[in-house]
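Residue-level structure breakdown
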Amino acid sequence: MKLHLTIQPGASKNAHSFESNGEFKVRIAAPAVDGKANAALIEYLSDVLNLGRTKIVLLKGQTTRFKTLEILADEQHVMELLVKRAT
């Protein structure tokens, strides 16, 4: 499944939420320097979704806040976990 999201690097803690406009937003504590925020994003989502990091691929947005990820898992299961664990 493809997941479109907005990332906020340099946050106080890692967390994710669904905004009122339907946007999926992920806050990551790592800074947006040398790909650290992208790596931390994949690590965070792999923990939330109980998937290996190789099951999450960054397709677009290596240098922007707007990302497209390919998650190699059942879409319904992924969405249930994201909603359940949203803050």
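Scroll up to find the structure.
The text that follows walks through the structure, step by step, so that each part is easy to find. Keep in mind the model is a prediction, meaning the values are calculated, not measured.

1. A few points about the overall build of the chain
For the chain, the count of helices and strands is 2 helices and 5 strands. Taken from the N to the C terminus, the helices and strands of the chain come in the order β-β-β-α-β-β-α. Taken over C-alpha atoms, the radius of gyration comes to 12 Å for the chain, in line with the 12 Å a tight globule of 87 residues would show. Overall, the C-alpha framework of the chain stretches about 35 × 30 × 20 Å when taken along its three principal axes. Within the span of the chain, comprising 87 residues, buried residues form 38% of the whole.

2. Concerning helix H1 (residues 36-49)
If you check H1, its first and last C-alpha atoms are 20 Å apart, about what 14 residues at 1.5 Å a residue would give, namely 20 Å. With 10 of its 14 residues buried, H1 lies for the most part within the structure. Taken together, the buried positions of H1 are occupied by Ala 37, Asn 38, Ala 40, Leu 41, Ile 42, Tyr 44, Leu 45, Ser 46, Val 48 and Leu 49. Looking at the buried residues of H1, the elements they touch are strand E1 (2-9), strand E2 (15-18), strand E3 (24-28), strand E4 (56-60), strand E5 (66-71) and helix H2 (75-84). Asn 50, located one to two residues past H1, shows a positive phi value of around 55°.

3. Overview of H2
For H2, the set of buried residues is Val 78, Leu 81 and Leu 82. Considered in projection along H2, the buried side chains sweep an arc of 100° and stay on one side of the axis. Across from the buried face of H2, at angles greater than 90 degrees, the exposed residues are Gln 76, Val 83 and Lys 84. Looking at the buried positions of H2, the neighbouring elements they touch are E1, E2, E3, H1 and E5.

4. Examining the environment of Leu 41
Counting through the fold element by element, Leu 41 comes out in helix H1. Remark: the alpha-carbon pair of Leu 41 and Ala 29, spanning 12 residues in sequence, is separated by 9.3 Å. The residues contacting Leu 41, other than those within four sequence positions of it, are Leu 5, Ile 7, Val 26, Ile 28, Lys 67 and Leu 69.

5. Observations concerning unusual backbone geometry
You will see that Asp 34, though not glycine, has its phi angle at about 55°, which is positive. Even without glycine at this site, Asn 50 takes up a positive phi of about 55°. For Asn 50, the location among the structural elements is in the loop between H1 and E4. Residue Asn 50 is classed as exposed on the basis of its relative accessible area of 57%.

Calculation criteria
- Residues numbered from 1 in each chain as written.
- Predicted model: local features only at pLDDT ≥ 70, side-chain atom pairs only at ≥ 80, totals over all residues.
- Heavy atoms only, no water.
- Helix = DSSP H or I, 4+ residues; strand = E, 2+ residues; numbered from the N terminus.
- Rg over C-alpha atoms; globule rule 2.2 N^0.38 Å.
- Buried < 20%, exposed > 50% of the residue type's maximum accessible area, 1.4 Å probe, protein only.
- Expected span 1.5 Å × (residues − 1).
- Contact = heavy atoms within 4.5 Å.
- Arc of directions from axis to C-beta.

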